[in-house]
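So you can see what is in the structure, the chains are spelled out below.
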Amino acid sequence: MLLLVIGAGLMARLLHNRLWLGLVLLVPLSIGMYFEQRALFPASAHVEWPWAEPRNPWAQAFDWIRVNTPIDALFALNPDHMHLPGEDENGFRARAERSMLADMVKDKGAASMFPPLATQWWEQVQDEKNLQHFQKPDFERLRQKYSVNWVVVEQPGPTGMECPYENSAVRVCRID
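Quick look at the structure, then. (Residues numbered from 1 in each chain as written. Predicted model: local features only at pLDDT ≥ 70, side-chain atom pairs only at ≥ 80, totals over all residues. Heavy atoms only, no water.)

What follows concerns the side chain of Asp103. Structurally, the position occupied by Asp103 is in the loop between strand E2 (99-100) and helix H5 (107-113). There is no salt bridge for the buried Asp103, and the closest opposite charge comes from Arg93, which lies 4.3 Å off by N-O distance. Within polar-contact distance, the side chain of Asp103 engages the backbone nitrogen of Lys106 at 3.0 Å. When sequence neighbours within four positions are dropped, the list of residues in contact with Asp103 reads Pro79, His81, Met82, Arg93, Lys108, Trp121 and Val125. (Helix = DSSP H or I, 4+ residues; strand = E, 2+ residues; numbered from the N terminus. Buried < 20%, exposed > 50% of the residue type's maximum accessible area, 1.4 Å probe, protein only. Lys, Arg positive; Asp, Glu negative; His and termini not counted. Salt bridge = Lys/Arg side-chain N within 4 Å of Asp/Glu carboxyl O. Polar contact = N/O pair within 3.5 Å; in protein donor to acceptor, adjacent residues only side chain to side chain. Contact = heavy atoms within 4.5 Å.)

This is the structure:
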């Protein structure tokens, strides 16, 4: 915040009564930032309005989970789901407001800061490895070991499971 205030103050002093100079500096910067954001997050809307449904299918699934699953549900997802094409780094825990097993993106940092968590983190990540190829017995193993009762899988997902939600990218399935 302090850097923003300092930067605004410097720009006000430099651009005092020189609107054209401000436009010359800021318009190309704004255009560049717009195209960079489009390249980084191609499956998401440029501006996400609070009342609008998200364009991203992963975000749509996470929103469905928040509204339609029990608060105490425990989910399993591909541990590297935030790096999958089209996911656009939507945070599951923040968006769905549900718990999940460890992931390779955000939880890796916590495990490095708190070494006692590292063993548990690594074990969960290894148990979820190749989740996109799991079948019903593999999910049952996660249920037995961790009490996982829901899973988010990439399409087409496993057969023989109850999946009350699906879209073009993912399926949300219950583990009985």
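Now for the state of the cysteines. This model, assessed by the stated rule, comprises one disulfide. Note that Cys163 is cross-linked by a disulfide to Cys173, the S-S spacing being 1.9 Å. The sign of the S-S torsion, about 90 degrees, decides the handedness of the disulfide formed by Cys163 and Cys173: right-handed. Pair noted here: Cys163 is in strand E4 (residues 162-166) and Cys173 is in strand E5 (residues 170-174), with a separation of 10 residues, a long-range link. In this pair, the class of Cys163 matches that of Cys173, namely buried. (Disulfide = S-S within 2.5 Å.)

This brings us to the pattern of salt bridges. Tallied over the full model, the rule gives nine salt bridges. Linking Arg95 and Asp63 is a salt bridge whose minimum nitrogen-to-oxygen distance equals 2.9 Å. Of this pair, Arg95 sits in helix H4 (residues 92-96) while Asp63 sits in helix H3 (residues 57-68), placing them 32 residues apart in sequence. Where Lys145 meets Asp127, a salt bridge forms, and the shortest distance between an N and an O atom there is 2.8 Å. Of the two residues, Lys145 sits in helix H7 (residues 136-146) while Asp127 sits in helix H6 (residues 115-128), which places them 18 residues apart along the sequence.

Here the bond from Gln155 into Pro156 is cis, since omega is 5 degrees, no more than 30 degrees from zero. When you line up the elements, Pro156 lands in the loop between strand E3 (150-154) and E4. Residue Asn130 is not a glycine yet carries a positive backbone phi of 65 degrees. Following the sequence through the fold, Asn130 ends up in the loop between H6 and H7.

Taken together, the five strands give an open sheet; going across it, the order is E2-E1-E3-E5-E4, and neighbouring strands pair in mixed fashion. Looking at which strands have only one partner, the edges of the open sheet turn out to be E2 and E4. Bridge count between E4 and E5: three bridges; the pairing is antiparallel. Counted as the bridge partner of Tyr165 is Val172 from E5. (Pairing = 2+ DSSP bridges.)

That's the geometry; what it means functionally is another story.
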